[in-house]
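Chain by chain, the residues run as shown.
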Amino acid sequence: MVYCGDSKAGPAEVLAVIPAEVRHRLRPEFAFEFLAFASFLGAVSESAAITVQDRITAAIEESSSADSLVFSLCTGLWPSDRDLALSQCLETIAMSLLPWLADPR
């Protein structure tokens, strides 16, 4: 979860970073569980949850096992006029987490 500023209402974004080195440990239920968590936080409406889950599942199935994956869901708690700044921040976070999470130590 990514919080920005003094957000007391909840996270601005829900982020999942999955390095290629650990994809073999990804549970088959990942898309469902990620969406259930994001829905609990209010990041995904009930009407959109199935579509988002299907797209996450498709992205996992269609990508090579050598690919790292990053899934990011906006909660809508961040002002839309700052979306570019949030996207740049999330990209930096994801790229920083990939090598750290892939390190077997």
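Thresholds applied
Residues numbered from 1 in each chain as written. Predicted model: local features only at pLDDT ≥ 70, side-chain atom pairs only at ≥ 80, totals over all residues. Heavy atoms only, no water. Core = buried A, V, L, I, M, F, W, Y, C linked by side-chain atoms within 4.5 Å. Buried < 20%, exposed > 50% of the residue type's maximum accessible area, 1.4 Å probe, protein only. Helix = DSSP H or I, 4+ residues; strand = E, 2+ residues; numbered from the N terminus. Contact = heavy atoms within 4.5 Å. Arc of directions from axis to C-beta. Pairing = 2+ DSSP bridges.

Overview of the nonpolar core
Side chains of nonpolar character tend, in soluble globular proteins, to be buried together.
Next, step 1: By size, the foremost hydrophobic cluster in this structure holds 17 residues, and its most contacted members are Phe30, Phe34, Val44, Ile56 and Phe71.
Next, step 2: When residues of this core are assigned to their parent elements, the largest contribution, five residues, is made by helix H1 (residues 30-40).
Next, step 3: Residues contacting Phe34, with those up to four places away along its chain left out, are Val14, Leu15, Ala16, Ile56, Phe71 and Leu73.
Next, step 4: Membership of the second largest hydrophobic core comes to ten residues, among which are Ala12, Leu15, Val17 and Leu98.

Here's the deal with H1
Next, step 1: Regarding H1, the residues found buried are Phe30, Ala31, Phe34, Leu35 and Ala38. Each buried residue of H1 lies within a common arc of 120° when the element is viewed along its axis, so the set occupies one face. Summarising the geometry of H1, the exposed residues directed more than 90 degrees from the buried face are Phe32 and Phe40.
Next, step 2: Phi for Gly42, located one or two positions after H1, is positive at around 85°.

Notes on the pairing of strand E1 (residues 13-18)
Next, step 1: With six of six residues buried, E1 is to be regarded as a mostly interior element.
Next, step 2: Side chains of E1 alternate between two faces, with Glu13, Leu15 and Val17 and Val14, Ala16 and Ile18 buried alike.
Next, step 3: Pairing between E1 and strand E2 (residues 69-74): six bridges, direction antiparallel. Across the sheet, residue Ile18 finds its bridge partner in E2, namely Leu69.

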